[in-house]
Amino acid sequence: MSVEPALLAGETAAPPAKPRRRLARDGGIIFGATIILLMALMGITAPWLGTKNPSEINPAYRNRLPGIEQTVRNDDGTTRTFTYRMGTDSLGRDVYSRVIYGARISLFIGITVAFFSVAIGLFIGLIAGYMRWVDAIVMRLMDGLMAIPAILLAIALVSLFRTGLFSVIVAIIVPEVPRVVRLVRSIVLSVREEPYVEAAICAGTPTHLLLFRHVLPNTIPALIVQGTFIAASAILLEAILSFLGIGIPPETPTWGNIMAEGRGLFRIYPHNIFFPGICLALTVLAVNVLGDGLRDRLDPKLARRV
Amino acid sequence: MLGYILRRLLATLPVMLIVAVFVFLMLRMTPGDPAAIIAGDNANSEQVALIRNRLGLDEPILSQFFNILHGDFGESFFFKKTVTELIASRLEPTLALSVATLIIAVGIAVPLGVLAAYKQGTLIDKIVMGFSVLGFSVPVFVIGYSLIYLFAIKLNWLPVQGYQRIGDGFGGFLQRLILPAVTLSVIYIALIARITRTSVLDVMNEDYIRTARAKGQVEIKVLFKHALKNAAVPIVTVIGLGVALLIGGVVVTESVFTIPGLGRLTVDAVLARDYPTIQAVILLFSLVYVLINLAVDLVYTVFDPRIRY
């Protein structure tokens, strides 16, 4: 689901009643970061985790339950057994390998979408917040974009291009940008009244330097938090698009694709849905928890700004 | 009040116009001639021209756009019906699903949020909040399939998938609606419970709560009458904003449960590159979203009479 970061942020941070111990205070950050690191490590070291080619089709071993073994003949004539830890799908591909490799796409999409949404939104938001006439036009456009529910906009955008990683990333970035623009703009509007900005203007600082040196740093804590929530919603959105069959091409191992493949035979072979589903939910949970932790830590006032 | 409603309705016009222009241009920028796709590989150029004429694609681009503003979305490329008929035939399941979801979500989330606020810092509070974070993170289709697996396949209590129209019997209608509605309501419950807890906590320290308690008011009345009513504005706001989540969730849930509603139609239309349908569905959903949030603004006056328009 595309969870609107602004909505997640709508809940105010825990009041700073009494100083808590470090672990209790940063528990969310530690928990989230650890799981994300583990997932990243899993994706990077996928070839060494007892996997085989995730796209390799094995017609003799279709729709097998988790734990089934197959005797494989090596090149030198000796045999070894290969265990399908999570069973196989209806083409005989190893679900375990596909799930492990799937972490790569999900994390890649989360990071890429978060980075570009924040970068583009920051650029537009800075300019809109500082120049009145741009503001009027840009914000009307953003209002229009935000009136289309995020998933629908992404679905419509995907239908425009040929399916692929790039088009999915673009389709997820577009609905996220207006939310970043709004956030940045609201910060710029409050910062530009600050005395040090006036002082910089009086000192003759050129506009681009003023924005870059004096205004931009104020947006960074909020953007880190927002970026984390965007990453979580991007990972979910990619899985949704792939699951609906309009995302990344089906042969690519992504969690959404594995589940899309397992839909037809779900009643008999639920493992095709559950294993990638658990990984997906765990990853998104970790990113969300990290975001909550970062918000409490960096930007307790985020809620009031959006 | 009436003047305010009119002014707000007028203010939504530019937004909807931008949405319309955006969607219209977006779908016109695509490569490929839909008439040629529909005609198939063996068609000659006359047949293609005929189809183009029937779909209205030979009209000037501006008049095509004005047709849309009049609510004339033309004929679906794929379903061989006018888009208006198509949408009308798919409306009931989506409406039923959304209403059932809203009832379940508000019915569960608001008491849960109040409870968490009342028991702030205790285990109950932590469980509710933990569930809330979880609800945001577990994708709709994973929830859906887990519920199907448990209640339909293992326990055999409910039908696995499908939809039954209200007209064909209310019992079967409810039986088939309950799993998808519960599935879809999870994320909504997470959202509403969270905001309910926060806004109730915000008012719990107010003087009138202390007064209510001092005069010996029963605690449950203090919570639901004095606290919740004053905390209602942010809750209603979030319910309105959450409609975007609901619409997105409808698309996925209808696919999981094979419900022939608007969400399923959207996916089918995208798979078939049926641009008139995609366009109409997006405009319709956006209009609903904008209007619901307008309605939410008006509901504020009910909960907080200080707000006047």
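Note that the structure is a prediction, hence the values are computed from the model and not measured.

Conventions we followed
Residues numbered from 1 in each chain as written. Chains lettered and ligands numbered in written order. Predicted model: local features only at pLDDT ≥ 70, side-chain atom pairs only at ≥ 80, totals over all residues. Heavy atoms only, no water. Helix = DSSP H or I, 4+ residues; strand = E, 2+ residues; numbered from the N terminus. Buried < 20%, exposed > 50% of the residue type's maximum accessible area, 1.4 Å probe, protein only. Contact = heavy atoms within 4.5 Å. Areas by Shrake-Rupley, 256 points an atom, 1.4 Å probe, with all protein chains shown as cover. Core = buried A, V, L, I, M, F, W, Y, C linked by side-chain atoms within 4.5 Å. Buried area = accessible area lost by both parts, 1.4 Å probe. Salt bridge = Lys/Arg side-chain N within 4 Å of Asp/Glu carboxyl O. Nonpolar A, V, L, I, M, F, W, Y, C, P; charged D, E, K, R; others polar. Axes fitted to C-alpha atoms, helices over the stretch in contact; angles between N-to-C directions. Parallel < 35°, antiparallel > 145°, perpendicular 65-115°, else oblique. Left-handed = near helix turned anticlockwise from the far one by under 90°.

Engineer: Give me the lowdown on the overall build of chain A, citing residues and values where you can.
Structural biologist: Along chain A, the regular secondary structure elements total 11 helices and two strands. Listing every helix and strand of chain A by position from the N terminus yields α-α-β-β-α-α-α-α-α-α-α-α-α. The 306 residues of chain A split such that 55% are buried. Taking the contacts inside chain A whose residues are at least 6 apart along the sequence as the reference set, 74% of them involve residues at least 24 apart. With the model as given, the accessible surface of chain A reaches about 13400 Å², and the carbon-plus-sulfur share is 65%.

Engineer: Explain the nonpolar core to me, using residue names and the numbers behind them.
Structural biologist: Most often, soluble globular proteins have nonpolar side chains that are buried together. Counting residues in hydrophobic clusters, the biggest one holds 181 residues, and the most contacted among them are I109(A), W255(A) and F141(B). Looking at this core, the element that brings in the most residues is helix α8 (residues 207-243) of chain A, giving 19 residues. Each residue touching W255(A), except ones within four places of it in the same chain, is listed here: M39(A), V99(A), G102(A), A103(A), S106(A), P276(A), C279(A), L280(A) and T283(A).

Engineer: Describe the interface of chain A and chain B, naming the residues involved and giving the relevant values.
Structural biologist: Contact residues are listed per partner, giving 50 residues for chain A and 56 residues for chain B. Carbon and sulfur atoms make up 78% of the area that chain A and chain B hide from each other, which totals about 4400 Å². One salt bridge in this structure joins D292(A) and R194(B), with 2.9 Å as the shortest N-O distance. Counting residues per element, the ones that place at least two in the side of chain A that touches chain B are α1 (5-9), α4 (132-146), α5 (150-158), α8 and α10 (271-298) of chain A. The element best represented in the side of chain A that touches chain B is α10(A), accounting for 10 residues. Partitioning the side of chain A that touches chain B into residue classes produces 35 nonpolar, eight polar and seven charged.

Engineer: So what about the pattern of salt bridges? Which residues, and what values?
Structural biologist: Any two side chains of opposite charge can pair, on the condition that their charged atoms come close. All chains considered together, the criterion is met by 10 salt bridges over all chains. For R295(A), the salt bridge goes to D292(A), with nearest N and O atoms at 3.5 Å. Of this pair, R295(A) and D292(A) both sit in helix α10, three residues apart, which is roughly one turn of the helix. For the pair shown, R295(A) and D292(A) are each scored as buried. Ionic pairing is found between R213(B) and E219(B), a salt bridge with its closest N-O pair at 2.6 Å. Assessed through its relative accessible area of 37%, R213(B) is described here as partly exposed. A relative accessible area of 25% places E219(B) in the partly exposed class. Overlapping salt bridges, with partners in common, bring together D292(A), R295(A), D296(A) and R194(B) in one network.

Engineer: Provide a residue-level description of the packing of helix α5 (residues 83-118) of chain B against helix α10 (residues 219-230) of chain B, including the pertinent values.
Structural biologist: All names here are of chain B. Where α5 meets α10, the closest approach of the two axes is 11 Å, and the angle between their N-to-C directions is 110 degrees. Taken as axis vectors, α5 and α10 run roughly perpendicular relative to one another. The interaxial crossing formed by α5 with α10 has right-handed handedness. Residues V110, P111, V114 and Y118 of α5 lie in contact with α10, whose contacting residues are E219, L223, F224 and L228. A class-by-class count of the residues in the contact of α5 with α10 yields seven nonpolar, no polar and one charged.

Engineer: Let's hear about the packing of helix α8 (residues 170-204) of chain B against α10(B): which residues, and what values?
Structural biologist: Residues and elements named next belong to chain B. Viewed as axis vectors pointing N to C, α8 and α10 meet at an angle of 105 degrees, and their least axial separation amounts to 8 Å. Of the possible angle classes, the one that applies to α8 and α10 is roughly perpendicular. Here T196, V200, V203 and M204 of α8 come into contact with α10, specifically with L223, A227, L228 and N230. When the residues that make up the contact of α8 with α10 are grouped by side-chain class, the tally is six nonpolar, two polar and no charged.

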